[in-house]
Amino acid sequence: MSFDHKIKIAPSILSADFANFGQEIQAIEAQGADWVHVDVMDGHFVPNLTFGPMAVKAFRPHVKTVMDVHLMIAPVDPYIDAYADAGADVLTAHVEAGPHIHRTLQAIRAAGMKAGMALNPGTPAEAVAHLLDLTDLICVMTVNPGFGGQKFIDMTAKIRRLREMIGDRPVHIEIDGGVDPNTAPQVAQAGADVLVAGSAVFKGGSVSDPSVYGENIRSIRAAAEGVWA
Ligand code: DX5
Ligand code: ZN
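Residues numbered from 1 in each chain as written. Chains lettered and ligands numbered in written order. Predicted model: local features only at pLDDT ≥ 70, side-chain atom pairs only at ≥ 80, totals over all residues. Heavy atoms only, no water.

Draft legend 1. Representation of the pairing of strand E7 (residues 172–176) within the structure. For E7, the buried fraction is high: five of the five residues fall into the buried class. By the alternation rule, side chains of E7 split into His172, Glu174 and Asp176 and Ile173 and Ile175, which are all buried. Sheet analysis places strand E6 (residues 137–141) next to E7, joined by five bridges and oriented parallel. Bridge assignment links Met141 to a residue of E7, and that residue is Asp176. Since E6 and E7 lie parallel, the crossover through helix H5 (residues 156–166) that links them has a hand, and here it is right-handed. Across three bridges, the pairing between E7 and strand E8 (residues 194–197) is parallel. Counted as the bridge partner of Ile175 is Leu195 from E8. (Buried < 20%, exposed > 50% of the residue type's maximum accessible area, 1.4 Å probe, protein only. Helix = DSSP H or I, 4+ residues; strand = E, 2+ residues; numbered from the N terminus. Pairing = 2+ DSSP bridges. Right-handed = clockwise from strand over helix to strand, strands pointing away.)

Draft legend 2. View of the coordination of the zinc ion (ligand 2). Around the zinc ion (ligand 2), the protein supplies His37 (NE2), Asp39 (OD), His70 (ND1) and Asp176 (OD) as donor atoms, at distances of 2.0 to 2.3 Å. What the six donor atoms of the zinc ion (ligand 2) show is an angle range of 69 to 168° at the metal, which sorts the shape as octahedral. In primary sequence terms, the donor set of the zinc ion (ligand 2) follows H-x1-D-x30-H-x105-D. Taken as a pair, His37 in strand E2 (residues 36–41) and Asp176 in strand E7 lie far apart in primary sequence, 139 residues in all. On the basis of relative accessibility, which here comes to 0%, the residue His37 falls in the buried class. What makes Asp176 buried here is its relative accessible area of 8%. (Donors = N, O, S within 2.8 Å, 3.2 Å for Na, K, Ca; no water. Tetrahedral: all angles 85-135°; square planar, octahedral: opposite > 155°, others 65-115°.)

Draft legend 3. Local environment of the nonpolar core. One finds Ile13, Val38, Val56, Val69, Val128 and Leu195 to be the most contacted residues of the largest nonpolar core, which totals 69 residues. If one sorts the elements of this core by residue count, helix H8 (residues 211–224) sits on top with five residues. The residues contacting Leu195, other than those within four sequence positions of it, are Ile7, Lys8, Ile9, Ala10, Ile175, Val179, Ala184, Val187, Ile220 and Ala224. Within the second largest apolar cluster, 11 residues are counted, among which are Trp35, Val66, Val90 and Leu137. (Core = buried A, V, L, I, M, F, W, Y, C linked by side-chain atoms within 4.5 Å. Contact = heavy atoms within 4.5 Å.)

Draft legend 4. Representation of the sheet that holds E6 in the model. The eight strands are arranged E1-E8-E7-E6-E5-E4-E3-E2 in an open sheet whose pairing can be described as parallel. Since the sheet does not close on itself, it has two edges, and those belong to strand E1 (8–11) and E2, each with one partner. In this sheet, neighbouring strand axes are inclined to one another by 25° on average, regardless of whether the strands run parallel or antiparallel. Against the sheet, helix H4 (residues 101–110) touches strand E4 (90–94) and strand E5 (114–119), its axis set at about 150° to E5. Strands E1 and E8 of the sheet are contacted by H8, whose axis makes an angle of about 145° with E1. (Axes fitted to C-alpha atoms, helices over the stretch in contact; angles between N-to-C directions.)

Draft legend 5. Geometry of the site of ligand 1. If you check the shell around ligand 1, you find 20 residues, and the closest are Asp39, Gly146, Asp176, Gly198 and Ser199. Ser12 is positioned such that a nitrogen or oxygen atom in its side chain is 2.9 Å from an oxygen atom of ligand 1. Backbone polar atom of Gly178 to an oxygen atom of ligand 1: 2.8 Å apart, as the coordinates give it. In isolation ligand 1 offers 380 Å² of accessible surface; the protein chains occlude 100% of this area. (Near = heavy atom within 4 Å. Polar contact = N/O pair within 3.5 Å; in protein donor to acceptor, adjacent residues only side chain to side chain. Areas by Shrake-Rupley, 256 points an atom, 1.4 Å probe, with all protein chains shown as cover.)

Draft legend 6. Spatial organisation of H8. Under the 1.5 Å per step criterion, the end-to-end length of H8 is 20 Å for 14 residues, consistent within 8% with the ideal 20 Å. Most of H8 is tucked away, with 10 of its 14 residues classed as buried. Within H8 the residues assigned to the buried category are Val212, Tyr213, Gly214, Asn216, Ile217, Ile220, Arg221, Ala222, Ala223 and Ala224. Where H8 is buried, its residues contact E1, helix H1 (21–30), helix H6 (184–190), E8 and helix H7 (199–202). A positive phi of about 90° marks Gly226, the residue just after H8. (Expected span 1.5 Å × (residues − 1).)

Draft legend 7. Region of interest: the packing of aromatic side chains. Applying the stated rule across the entire model yields six aromatic pairs. Ring geometry for Phe21 and Phe51: centres 5.6 Å apart, planes at 90°, overall edge-to-face. A residue pair is termed long-range when its members are at least 10 positions apart, and Phe21 in helix H1 and Phe51 in the loop between E2 and helix H2 (53–59) qualify at 30 residues. Residue class for Phe51 comes out buried when judged on its relative accessible area of 10%. Centroid distance Phe202 to Tyr213: 5.0 Å. Interplanar angle 65°. Geometry classified as edge-to-face. In this pair, Phe202 sits in helix H7 while Tyr213 sits in helix H8, placing the two residues 11 residues apart along the sequence. (Phe/Tyr/Trp six-rings, centres within 6.5 Å; stacked < 30°, edge-to-face > 60°.)

It is worth stressing that arrangement in space is one thing and function is another; only the former is reported here.
Take a look at the structure:
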């Protein structure tokens, strides 16, 4: 996983068929996904439950690109090794998940993964000012985490501020929540390079009709790159 500023589309399998993750992952990758975004929820940090490290480990052999694991759990630290063992490439923890995000980021890197940190909509950019050399990715939530299909919350000023703060460090800005061809241009223009999209990628398609996933991915990418599809 090397750093560049090209737009990457990361479909969230939260919107996939939960009885068919292997084929869904293969379908989105065949249809142009750059990364695969995996949403881990604990029913405590967020009001919803998805899956844990054993399920994520089962996804691993199907992911040929980058497995981007978004932890919406608290605490994080006791589970870092389990997600390393599950094969996460990027492991993202929320800055709101506990008092020691600095230690968490160090532990994620020490376990051999890229270290991400996510910011809820209410958390200011300045919360990460002293963490920029410890991170590979900042995930700006554009919904309150917990569910797919929610309405996009405008975080353009925060994205712009983070890109300024990051300067020339090789840090991705990922946007998560409500990304579609209408909202993608403004976040890309503000400095985001990784766009997570759940409902906007999976809507209208299925593993038996995967070309729809491809059309959806292409329209988000084209919108973000400034070429309306
Ligand atoms: C929200 C998750 C997102 C979610 C995005 O808690 O972190 O990754 O799947 O879904 P959409 O794109 O439908 O808003
Ligand atoms: Zn997510």
